[in-house]
Amino acid sequence: MKIKKDKNKLFVPDTVTIPYIEGDGVGAEITPVTQRIVNEAIIRAYNGKRAIEWKEVYAGEKAFKITGSWLPDETIDAFREYVAGIKGPLTTPVGEGIRSLNVALRQILDLYVCLRPVRWFKGVASPLKEPQKVNMVIFRENTEDIYAGIEWRQGTPEAKKFLRFLTEEMGVSKIRFPETSSFGVKPVSREGSERLIRSAIEYALANRLPDVTLVHKGNIMKFTEGGFKLWGYALAEREFPDTAFTMTQYEKIKKEKGEDEATKALAEARAAGKVTVNDVIADAFLQNTLLAPEKYSVIATLNLNGDYISDQLAAMVGGIGIAPGANINYVSGHAVFEATHGTAPDIAGKNIANPSSLLLSSVMMLEYIGWNEAANLITAAMEQAFVSGQATGDLARFMPDGKSLGTAQFGELVINLIKSL
């Protein structure tokens, strides 16, 4: 019933218990639809020999109403015990100590990778002329950067104390308006950067993808984001000497032997199946994704950059409504898959919410536990629906002759398409 992790391998029973959080707002609609589709795909793929037993746990508004806690200990314990789980969107309490329930889950379980694959589905409208060129996987660091929540509001005793420390002990003189400034701290560690980049390189190698791009703003933040870049290159050369080729190696060969030899070494590395590790400044990367998205396959980046990047790339292929996500610790094996959009209270209960983000996150979950046949059935059925112009209203309105379906009706369509495959 429980997933076990031994070394680098997950052992998944044929009937596996998956804890889930229904989610707030539209979560009550998209979660049951997603579960029905996943169940049907598993039946179709494995003829009843495999199954998921769904175990509901609580977080957010529903948890607060039932238990008096926004994030009960029992929920954290369940995700620890059963290794893999999935969640709908959650409301963050206003005026409470938890800044974000999503961030809290990631930090408590040390889910240091936010994994966001981005690809285009045929039939989905896109602002790009050639959206089929967008096919990237983002590894966003999930536990550090400004999301650590270390900040002090302007005018508080803590902010004044921090200001005195900066000016009197550290000799900082570049704060333009010191008395009216709030302050935040951006921690970026070598260990945190290395484990994120290591996971990205291992993913690229396992999936035979050509490159890992380190996206950073190291030209301005020399020691945090610049450190991320330098630590990444050093890790690649130290831990993957036979399977990765870095652009620092390219530059070294170029300096010593000339550009022709460097280009030859790069071509030989690619021909041998090595992963190329390179880097790009974040603002240039955002431009490049619009002009030449086919240049990128695996992205490793810091927390804030990853937030911007993943949402922009999602918009390029149709919107956040079809953007899946996962939070993973590749060492412990723990993973929480999630809808990447918000609770959308303005449309909750109206049967118009798009379940695709949560559904594609469940596809990621199935792939994570090795049930790829079921995962492939879901993506094939969804693409058939989109090609036929049938989707929930947020997507259908941009499709030529698109037919708008309710949440439940879209779920029924996908189930019927799975049965026909």
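Residues numbered from 1 in each chain as written. Predicted model: local features only at pLDDT ≥ 70, side-chain atom pairs only at ≥ 80, totals over all residues. Heavy atoms only, no water.

**Structural notes on the overall build of the chain**
Next up, step 1: A tally of helices and strands in the chain yields 15 helices and 17 strands.
Next up, step 2: Whereas a compact globule of 421 residues would reach a radius of gyration of roughly 22 Å, the chain reaches 23 Å, a difference of no more than 12%.
Next up, step 3: For the chain, the C-alpha atoms occupy an extent of roughly 60 × 60 × 45 Å along the three principal directions.
Next up, step 4: Out of the 421 residues belonging to the chain, those deemed buried represent 50%.
Next up, step 5: Taking the contacts inside the chain whose residues are at least 6 apart along the sequence as the reference set, 73% of them involve residues at least 24 apart. (Helix = DSSP H or I, 4+ residues; strand = E, 2+ residues; numbered from the N terminus. Rg over C-alpha atoms; globule rule 2.2 N^0.38 Å. Buried < 20%, exposed > 50% of the residue type's maximum accessible area, 1.4 Å probe, protein only. Contact = heavy atoms within 4.5 Å.)

**Re the nonpolar core**
Next up, step 1: One finds Ile52, Val212, Leu366, Ile378 and Phe386 to be the most contacted residues of the largest nonpolar core, which totals 79 residues.
Next up, step 2: Apart from residues lying up to four places away in sequence, Ile52 is in contact with Val16, Ile18, Val38, Asn39, Ile42, Met365, Leu366 and Trp371.
Next up, step 3: Ala59, Leu71, Ile76 and Leu111 belong to the second-largest nonpolar core, a separate cluster that totals 16 residues. (Core = buried A, V, L, I, M, F, W, Y, C linked by side-chain atoms within 4.5 Å.)

**Some details on the packing of helix H1 (residues 27-46) against helix H13 (residues 372-387)**
Next up, step 1: Contact geometry of H1 with H13 gives a least axis separation of 8 Å together with a crossing angle of 120 degrees. By the angle between their axes, H1 is oblique relative to H13. When you trace H1 past H13, the crossing you get is right-handed. Between H1, through Ile37, Val38, Ala41, Ile42, Arg44, Ala45 and Tyr46, and H13, the contact on the second element is made entirely by Asn372, Glu373, Ala374, Leu377 and Ile378. (Axes fitted to C-alpha atoms, helices over the stretch in contact; angles between N-to-C directions. Parallel < 35°, antiparallel > 145°, perpendicular 65-115°, else oblique. Left-handed = near helix turned anticlockwise from the far one by under 90°.)

**A few points about a nonpolar patch on the surface**
Next up, step 1: A grouping of Phe165, Met170 and Val172 is seen on the molecular surface, where their side chains present a nonpolar patch of about 250 Å² in accessible area.
Next up, step 2: Positionally, Val172 belongs in the loop between helix H5 (157-169) and strand E9 (183-184). (Patch = residues over 30% accessible without salt bridge, like charges linked within 9 Å, V, L, I, M, F, W, Y side chains within 5 Å. Areas by Shrake-Rupley, 256 points an atom, 1.4 Å probe, with all protein chains shown as cover. Salt bridge = Lys/Arg side-chain N within 4 Å of Asp/Glu carboxyl O.)

**Topic: the environment of Val113**
Next up, step 1: Within the secondary structure layout, Val113 lies in strand E6 (residues 113-119).
Next up, step 2: The exposure class of Val113 is buried, given its relative accessible area of 0%.
Next up, step 3: Here the alpha-carbon distance between Val113 and Met382, two residues 269 residues apart in the chain, equals 26 Å.

**Things to note about the packing of aromatic side chains**
Next up, step 1: Considering all chains together, one arrives at 11 aromatic pairs under this definition.
Next up, step 2: Their ring planes at 65 degrees and their centres at 5.9 Å tell us that Tyr46 and Trp371 sit as a pair that is edge-to-face. With Tyr46 in helix H1 and Trp371 in the loop between helix H12 (356-368) and H13, this pair connects stretches of sequence that are 325 residues apart. Trp371 matches Tyr46 in its accessibility class, with the two residues each being buried.
Next up, step 3: A centroid spacing of 6.0 Å and a plane angle of 15 degrees characterise the contact between Phe386 and Phe410, whose relative ring orientation is stacked. Of this pair, Phe386 sits in helix H13 while Phe410 sits in helix H15 (residues 407-420); the two residues are 24 residues apart in sequence, bridging distant segments of the chain.
Next up, step 4: On the accessibility criterion, Phe410 (1% relative accessible area) is buried.
Next up, step 5: Put simply, the rings of Phe121, Phe386 and Phe410 touch in pairs and so form one group of aromatic residues.
Next up, step 6: The aromatic ring of Tyr147 is capped on one face by Arg140, whose charged end is 5.1 Å from the ring centroid. (Phe/Tyr/Trp six-rings, centres within 6.5 Å; stacked < 30°, edge-to-face > 60°. Lys NZ or Arg CZ within 6 Å of the ring centre and 35° of its normal.)

**Topic: the sheet that holds strand E13 (residues 298-301)**
Next up, step 1: With mixed pairing, the 11 strands of this open sheet are ordered in space as E4-E3-E5-E15-E14-E6-E7-E13-E10-E12-E11. Each end of this open sheet is capped by a strand with a single partner; those strands are strand E4 (51-57) and strand E11 (244-246). Strand-to-strand twist of the sheet, defined as the mean angle between neighbouring strand axes without regard to direction, takes the value 25 degrees.
Next up, step 2: Bridge count between strand E5 (residues 84-87) and strand E15 (residues 335-339): 4 bridges; the pairing is parallel. By the bridge assignment for E15, Gly85 is matched with Val336. (Pairing = 2+ DSSP bridges.)

**Quick look at the pattern of salt bridges**
Next up, step 1: Taken as a whole and assessed by the stated rule, the structure comprises 21 salt bridges.
Next up, step 2: A salt bridge links Glu56 to Lys62; the nearest nitrogen and oxygen atoms lie 2.7 Å apart.
Next up, step 3: Residue classification places Lys62 among the partly exposed positions, given a relative accessible area of 27%.

**Describing unusual backbone geometry**
Most of the time, phi is negative for any residue but glycine, and the peptide bond is trans.
Next up, step 1: Despite not being glycine, Val83 shows a phi value in the positive range, around 75 degrees.
Next up, step 2: Among the secondary structure elements, Val83 is positioned in the loop between helix H3 (73-82) and E5.
Next up, step 3: Look at Asn351: it is not a glycine, yet its phi comes out positive at around 60 degrees.
Next up, step 4: Take Asn351: it is sitting in the loop between E15 and H12.

**Comments concerning a negative patch on the surface**
Next up, step 1: Judged by side-chain charge, Glu251, Glu259, Asp260, Glu261 and Glu268 come together as a negatively charged surface patch.
Next up, step 2: Ranked by residues supplied to the negative patch, first place goes to helix H9 (residues 259-271) with 4 residues.
Next up, step 3: Examined against the element boundaries, Glu261 turns out to sit in helix H9. (Lys, Arg positive; Asp, Glu negative; His and termini not counted. Charge placed at Lys NZ, Arg CZ, Asp CG, Glu CD.)

**Focus on the pairing of E4**
Next up, step 1: Across 7 bridges, the pairing between strand E3 (residues 15-21) and E4 is parallel. From the neighbouring strand, Ile18 faces E4, where its bridge partner is Trp54.
Next up, step 2: On the question of chirality, the crossover connecting E3 to the parallel E4 by way of H1 is right-handed. (Right-handed = clockwise from strand over helix to strand, strands pointing away.)

**Some points on the packing of H13 against H15**
Next up, step 1: In the contact formed by H13 and H15, the axes pass within 9 Å of each other and the chain directions differ by 115 degrees. For H13 against H15, the interelement crossing comes out right-handed. On the side of H13, the interface is formed by Leu377, Ile378, Ala381, Met382, Gln384, Ala385 and Phe386, while H15 contributes Phe410, Leu413, Val414, Leu417 and Ile418.
Next up, step 2: A per-class count over the contact of H13 with H15 returns 11 nonpolar, 1 polar and no charged. (Nonpolar A, V, L, I, M, F, W, Y, C, P; charged D, E, K, R; others polar.)

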